[in-house]
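The primary structure of each chain is shown beneath.
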Amino acid sequence: MPGAKENPKPNHGSSARQPMSRIIQIHELIKKGKFPNCQKLSQTFEVSYKTVQRDVDFMRDHLKLPIAYDSVRRGFHYTKEVKNLPVLSLQEGEIFALLVAQRAAEQYRGTPFEKTLRNAFTRLVEGMPSSCEVSIKDISDAISFRPPGPPAADLECFHNITKALRDDHEISFRYKKLGDGAGTERQVQPYHLGCIAGVWYLIAFDLSRKALRTFALSRITRFKNLERPFDRPKDFSLDDMLSDSFSAFETNDAQPVRILLDPLAATLTSERKWHPSQEMKFLKDGSAELFLKVGLAPDLESWIKAWGHRATVISPPALKNKIKESLESAVKNYR
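What you see is a predicted model; the values in this text were computed from it and never measured. (Residues numbered from 1 in each chain as written. Predicted model: local features only at pLDDT ≥ 70, side-chain atom pairs only at ≥ 80, totals over all residues. Heavy atoms only, no water.)

Undergrad: Before we move on, can you summarise the sheet that holds strand β9 (residues 279–282) with the specific residues and values?
TA: Across the sheet, which stays open at both edges, the 4 strands sit in the order β9-β10-β8-β11 with antiparallel pairing between neighbours. A strand with exactly one partner marks an edge of an open sheet, and here the two such strands are β9 and β11 (311–315). Neighbour-to-neighbour, the strand axes of this sheet turn through a mean angle of 25°, independent of strand direction. Sheet topology note: the strand β8 (residues 255–261)/strand β10 (residues 288–294) ladder contains 7 bridges and is antiparallel. If you follow I259 over to β10, its bridge partner there is L290. The strands touched by helix α9 (residues 263–270) within the sheet are β8, β9 and β10, with β9 carrying the most contacts at an inclination of about 140°. Relative to β11, helix α11 (residues 317–332) is tilted by about 145°, and along the sheet it contacts β8 and β11. (Pairing = 2+ DSSP bridges. Helix = DSSP H or I, 4+ residues; strand = E, 2+ residues; numbered from the N terminus. Axes fitted to C-alpha atoms, helices over the stretch in contact; angles between N-to-C directions. Contact = heavy atoms within 4.5 Å.)

Okay, here's the thing in structure tokens:
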């Protein structure tokens, strides 16, 4: 009931000393019709009466919130509906970046992530002050994103794994490796959820294989939270794990790789940083030698083969032979 006594959860840490932390809690109480007042709030936050009064004045005068004091209820209330706290201040570049992010999120249109992303962006926009009026349409014709294909990850699976990660619970699922039609049952300890090259992956310790493994969410089915707690290593780092990898495949045998690219492939390759070790030496005809220090894995092989005749592996011999055999096999399909 609006007149019921209910204080925000006591916050005696440093965050209670931060104005925005107090303002957010005051806003939530007013929004719920709890009619908080300065005396009760000062006791809850362990700050002075005047400090809380300054917070309320800031909400009214700077955030332009319709806040008023009810002498009957002896507390503050809103004189009209307030959905969210307004964003305090956004520079022009920040507003533009927010709109660009909205356009980037459109790559998930038609996927299970669409509704969640749309709702999140709507809430951000609703919280903007009127001085930040910028129409999304202002940039919709100037900026767009055309990804090769949105990830097919299941939103429910994503949420379930996130919850298991948060609670440090072991999980099980059926996983289909590349080229494996049936799939196998896995029991793992989830360490990390990462978006690599536009695809979501779970990095987890496989209990039966006694090793870290990387799982594409799009190939996970029959998920189950085993609710068995485990201790995640505090020193785990995805960057360290994939330091020798070209993309998402974990490798521990980084070695020098040298690839000759024709002028077109050389120009396009130079426009992106494909790997931290990437170095290029351009030749007089516009072609270039690409130098990498990475592990030999399927993601590197796929990247090279995607260039077709425009890329030639010079070394190491093992990679050169593997690409040669794969391309020769592909040619047979067209005979």
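So much for the structure itself; the text now carries on.
Undergrad: Describe helix α10 (residues 298–306), with residues and values.
TA: Here α10 has its buried residues at D299, L300, E301, W303 and I304. Looking at the residues trailing α10, positive phi occurs at G308, about 60°. (Buried < 20%, exposed > 50% of the residue type's maximum accessible area, 1.4 Å probe, protein only.)

Undergrad: Help me get a handle on α9, residues and values and all.
TA: Helical geometry note: an α-helix holds 3.6 residues per turn, so side chains three or four residues apart project in the same direction. Buried within α9 we find A265, A266 and T269. Projection of α9 onto a plane perpendicular to its axis shows the buried side chains occupying an angular sector of 100°, all on one side. For α9, the secondary structure elements touched by its buried residues are β8, β9, β10 and α10. (Arc of directions from axis to C-beta.)

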